[in-house]
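Spelled out from the first residue to the last, the chains are:
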Amino acid sequence: MNHWATSIILSEAQGYVIYFAFIFIVFLFFAKRTNLYTDHRKEFWQSVLFTVGFSLVSSFILVQITTLIKKNEKAKLLGYAPTFSATFQMLGHESINFKTKNDDKKYLELIEIQKIWLSNNNFINDIYTMKLDDEGNNRFLVDSETDYDKNGIYEGESESRTLIGEVYEKKLPELDQAYQGIPSFTEEPYTDKWGTWVSAFVPLYDKAQKQIGVLGVDYFASEYISIRNLYLYLGMFTSIFIYSVMTLLFYYFLIAQHSLKAKEQFTAKIGHELRTPLNGIIGIVEVLKMNFSNQDKKVSDYYDMILSSANSLLSIVNEILDFAKLKSGKFKLQEKINNFHKIIEEVSNLFEVLCNKKNISWKLNISKDVPREFKFDEVKLKQVLLNLLSNALKFTTHGGISMSIELEKDLSKENSLKIIVEDTGIGMNQETVSSLFTPYYQGRLNNHKLNELGTGLGLCICQDLVHLMKGRLLVSSEVNKGSRFEIIMPINVKLENPVEGIFLTSMATSKLKRRAIVVEDVEINQIVLKNFLKKLNFEVDIFSSPLLALSHLQKNDDSNNYGLIFVDFNMPELSGIEFIKKLDLGVKSKIILCSAEEFNPEDVQNFMASGVSEILPKPIKMKELESLISKYDIENPENLEFSENPKKMNQLKSHVR
């Protein structure tokens, strides 16, 4: 992390203020969205007490953890300085004084020792010794060249060797303490001509144990403070996530006690409102990782942890919303002719890698008579398979996992497809098996939580989806021997004039300009999309008002100067579709509709008729944006650097459930 980071790191007090503010914003957000104060006064005050209690308890825990971390970091930093001081004492540092020549053998030996220490301890940025002269001035003795930027080259005045006798003019109380024989540490950062630091100062002795000076060890303030506070902020972030999920579940069950219509309205509304801030969280963390993670591997790992947590929360939200839709009876499969073998190959490739990482075997057997193509819902069948295989992987530590697929032919009835997922994991007893498809069931076996890190809805959703496919989901298991899940579903393999469905990919016929306009009313979403597009070498114009954007495009006749137009679906002044309909029909730009909502095929068809080229689902992710843009012929395509070979994909199709 560089010095720039110092300016963005908050103090602990500021951090806690923001933490409390976030929790109460979440509370007020849900209270307002559900009319909690006006319709449910008792539950409102219960929620206030819970919010206050949660904030106080979580803050106390965070303070205790952060205090311990700070003590450990300080102890680690202070531990280096006495070791270096004692080593210099043994090596005869006492022979160095202000009259020592720059080519003195002992002086050059100590300089080389400093260089070795700095190269072997990347956590340290500088080591030096100082001494007071007869007039009380603090002067340097041994201070080697220092490679601050770790590029292997000593360059510039700041990285050059400090001459013997150079005066250090910075006045520090901790430095005065060290001259009085007291080891000290600068709790607050200070700045000199070399940079911004926190430092440890310890007395420097001769062989007769008489103090002859001070040894200092410097650390970049940005690195020290970031390590000190990073755990605090991650803890706050995690607490906000936990509180948000608990609040979501509380309000979900509160509203679900009322009419079915109220529950359906709540589910649809809360789905959009939760995905919108999650889009901001995931997007901003991806932007930070994209710009700053290469400077510190530890910080990069923390970014991955935050992204993993955010994606887990998004998965939980999606499971709850899927379950609500299924139980409301309004869930519909989107069936069309798909390549079944291709989907199985994708799933197999993924789990072959995951099984190899866990040192267990993976087997796939597909009967030769299983047709390559037939009519089914690709997204939902894949969801079922991934869920069953993920559970098998989670609870299998030895042996392996297998998936077998065969066709059961019946001349008098429809043919059936049988998919068998087997594992050699911990297995389940009959009591657990009998409750396995119960909503929110959290069974345990041998200290293993069977729905670990989940809602307890995954298998229930799988069963409901298989039933929608007019199939059956069967399970058998034995403790310590493994489990077997069977999907049996009817298929019609007599295909006549197969169609590709209504989803069409809009392909450009001429090169599009490397300019984009973003019409989005939420600031954090603007920041995410702007950073992603700039990373892909696009010029970006942002408008928070669709009316202002429309005025700009019409006034300047500027529509065709933009290669891509990104439009949010939900905006207060005009909806995304209303905005698109008001655009000039002759516009050559590709219009990308961004939304956290899910659309049925009829809606998608209407959007395309209005001029939409693609639907980009929220949360927006860099790889998905790269893949979408790669489908179009953009000016100067050699400037684009994709993180992987982009595959043409149908975003409209992947967004429909």
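The preceding data block contains the structure.
Counting of residues starts from 1 at the beginning of each chain's written sequence and follows it residue by residue. Per-residue local features are limited, in this predicted model, to residues with pLDDT of at least 70; the limit for side-chain atom pairs, both in listing and counting, is 80 or more; totals at the level of whole chains, interfaces and linings are taken over all residues. Side-chain measures here rest on the full set of heavy atoms in the structure, leaving out hydrogens and waters.

Things to note about the overall build of the protein chain
Rules: Under the DSSP-based scheme used, a helix requires at least four consecutive residues in state H or I and a strand at least two consecutive residues in state E, with every element numbered from the N terminus. The cut-offs for exposure are 20% and 50% of the maximum accessible area for each residue type, with area from a 1.4 Å probe on protein chains only; residues under the lower value are buried, those over the upper are exposed, and the others partly exposed. In what follows, a contact means two residues having at least one pair of non-hydrogen atoms within 4.5 Å. To be clear on the numbers: accessible area is Shrake-Rupley with a 1.4 Å probe, and residue cover counts the displayed protein chains and nothing else.
Along its length, the protein chain carries 18 helices and 20 strands. Counting every position in the protein chain, which comprises 657 residues, the buried fraction comes to 49%. Across the protein chain, every contact between residues at least 6 apart in sequence was considered, and the portion connecting residues at least 24 apart equals 69%. Surface summary for the protein chain: the accessible area is close to 33,000 Å², and the carbon and sulfur share equals 53%.

Things to note about the pairing of strand 19 (residues 590–595)
The test is simple: Whether two strands pair comes down to DSSP finding at least two bridges between them.
Buried residues dominate strand 19, accounting for six of its six residues. What you see with strand 19 is no split at all: Lys 590, Ile 592 and Cys 594 on one side and Ile 591, Leu 593 and Ser 595 on the other are buried throughout. In terms of strand pairing, strand 18 (residues 564–568) meets strand 19 through five bridges, oriented parallel. Pairing of Val 567 across the sheet is with Leu 593, part of strand 19. Across five bridges, strand 19 lies against strand 20 (residues 612–617) in parallel orientation.

As for a nonpolar patch on the surface
Worth spelling out the cut-off: For patch detection, residues must exceed 30% relative accessible area and be free of salt bridges, and they are connected within 9 Å for like charges or within 5 Å for nonpolar side chains (Val, Leu, Ile, Met, Phe, Trp, Tyr). Take a side-chain nitrogen of Lys or Arg and a carboxyl oxygen of Asp or Glu: if they are within 4 Å of each other, that pair is a salt bridge.
Together, Val 57, Phe 60, Ile 61 and Ile 65 give the surface a local cluster of nonpolar side chains, amounting to about 390 Å² of exposed area. Position of Val 57 relative to the elements: it lies in helix 3 (residues 41–90).

Section: the side chain of Ser 483
To be explicit about the condition: Identification of polar contacts relies on pairs of N or O atoms within 3.5 Å, with a donor-acceptor requirement for protein atoms, meaning one able to donate a hydrogen and the other able to accept it, and with residues adjacent in sequence counted only if both atoms are side-chain atoms.
Along the chain, the position of Ser 483 falls in strand 15 (residues 482–491). Residue Ser 483 is classed as buried on the basis of its relative accessible area of 9%. Among the polar contacts made by the side chain of Ser 483, one reaches the side chain of Ser 477 at a distance of 2.8 Å. Other than its neighbours up to four places away in sequence, Ser 483 contacts Val 421, Glu 422, Asp 423, Gly 427, Met 428, Ser 476 and Ser 477.

Observations regarding the environment of Glu 43
With respect to the helices and strands, Glu 43 occurs in helix 3. Classification of Glu 43 by relative accessible area gives partly exposed; the value is 21%.

Describing helix 12 (residues 458–468)
The element helix 12 is extensively covered by neighbouring structure, given that nine of its eleven residues are classed as buried. Looking only at helix 12, the buried set comprises Gly 458, Leu 459, Cys 460, Ile 461, Cys 462, Gln 463, Asp 464, Leu 465 and Val 466. Just downstream of helix 12 lies Lys 470, where phi reads positive at about 65°.

Structural notes on empty space enclosed by the protein
With a probe scaled to a water molecule rolled over the atoms, the places where space remains empty come into view. Our working rule: In this analysis the probe radius is 1.4 Å and the grid spacing 1 Å, with only protein atoms considered; a cavity is a set of points the probe fits into but cannot get out of, a pocket is an open set with protein on both sides within 12 Å along at least five of seven lines, and lining residues have an atom within 4 Å of a point. Grid points are joined across faces, edges and corners, and a volume is the space filled by probe spheres set on the points. Throughout this entry, Asp, Glu, Lys and Arg are counted as charged residues, while Ala, Val, Leu, Ile, Met, Phe, Trp, Tyr, Cys and Pro are counted as nonpolar. The remaining residues, Gly among them, count as polar.
Applying the stated criterion across every chain yields a total of six cavities of 30 Å³ or more. Lining the second largest cavity are Asp 126, Tyr 128, Phe 140, Asp 143, Tyr 148, Tyr 168, Tyr 190, Asp 192, Trp 194, Trp 197 and Asp 218. Each residue belonging to the lining of the second largest cavity can be placed in one class, and the counts come to seven nonpolar, no polar and four charged.

Considerations on the packing of aromatic side chains
To keep it simple, the criterion reads: Pairing of aromatic rings covers Phe, Tyr and Trp, the last through its six-membered ring, and needs centres within 6.5 Å; plane angles under 30 degrees mean stacked, over 60 mean edge-to-face, and all others mean tilted. In our convention, an over-ring charge means Lys NZ or Arg CZ found within 6 Å of a ring centre and within 35 degrees of that ring's normal.
For the coordinates displayed, the defined rule picks out 16 aromatic pairs. The ring of Phe 538 has Arg 514 lying over it, and the distance from NZ or CZ to the ring centre is 5.2 Å. Here the basic side chain of Arg 515 rests over the ring of Tyr 562, its NZ or CZ set 4.4 Å away from the ring centre.

A few points about the nonpolar core
Heads up, the rule is: For the purposes of this section, nonpolar cores are sets of buried Ala, Val, Leu, Ile, Met, Phe, Trp, Tyr and Cys residues that join through side-chain atoms within 4.5 Å.
Core analysis: the largest hydrophobic core is formed by 41 residues, its most contacted members being Phe 340, Met 403, Leu 417, Ile 419 and Ile 487. Residue assignment for this core shows that the elements contributing at least two residues are helix 9 (340–357), strand 9 (373–376), helix 10 (378–394), strand 10 (400–408), strand 11 (415–423), helix 12 and strand 15. Among the elements that line this core, the one with the most residues is helix 10, at seven residues. Among the nonpolar cores identified, the runner-up in size contains 24 residues, and Phe 84, Tyr 107, Trp 117 and Val 202 belong to it.

Quick word on the sheet that holds strand 20
Where we set the bar: The angle between two axes is taken between their N-to-C directions and runs from 0 to 180 degrees, where each axis is a line fitted to C-alpha atoms and a helix contributes only its stretch in contact.
Taken together, five strands build an open sheet; the order of strands is 17-16-18-19-20 and the sheet is parallel. Each end of this open sheet is capped by a strand with a single partner; those strands are strand 17 (539–543) and strand 20. Neighbour-to-neighbour, the strand axes of the sheet open up by a mean angle of 20°, direction not taken into account. Where strand 16 (residues 515–519) and strand 18 come together, four bridges link them in parallel fashion.

Structural notes on the side chain of Asp 423
The cut-off we apply is this: Positive charges are assigned to Lys and Arg, negative charges to Asp and Glu, while His and the chain termini are left out of the count.
With respect to the element layout, Asp 423 can be found in strand 11. No salt bridge is formed by the buried Asp 423; the nearest opposite charge belongs to Lys 358, separated by 9.8 Å. Not counting residues within four places of it along the chain, the set of residues in contact with Asp 423 comprises Ala 392, Thr 396, Gly 400, Ile 401, Lys 481, Gly 482 and Ser 483.

As for the pairing of strand 5 (residues 195–205)
Among the eleven residues in strand 5, ten count as buried, and that is most of the element. Sheet analysis places strand 3 (residues 184–185) next to strand 5, joined by two bridges and oriented antiparallel. Looking at strand 5, one finds that Ser 184 is bridged to Phe 201. In the sheet, strand 4 (residues 190–192) pairs with strand 5 via three bridges, with the strands oriented antiparallel.

Observations regarding the sheet that holds strand 15
With mixed pairing, the five strands of this open sheet are ordered in space as 8-10-11-15-14. Only two strands of the sheet have a single neighbouring strand rather than two, namely strand 8 (361–366) and strand 14 (472–478). Taking each pair of neighbouring strands and ignoring which way they run, the sheet shows an average axis angle of 10°. Inspection of the sheet shows strand 11 paired to strand 15 by nine bridges, in the antiparallel sense. Within strand 15, the residue paired with Ser 416 across the bridge is Pro 490.

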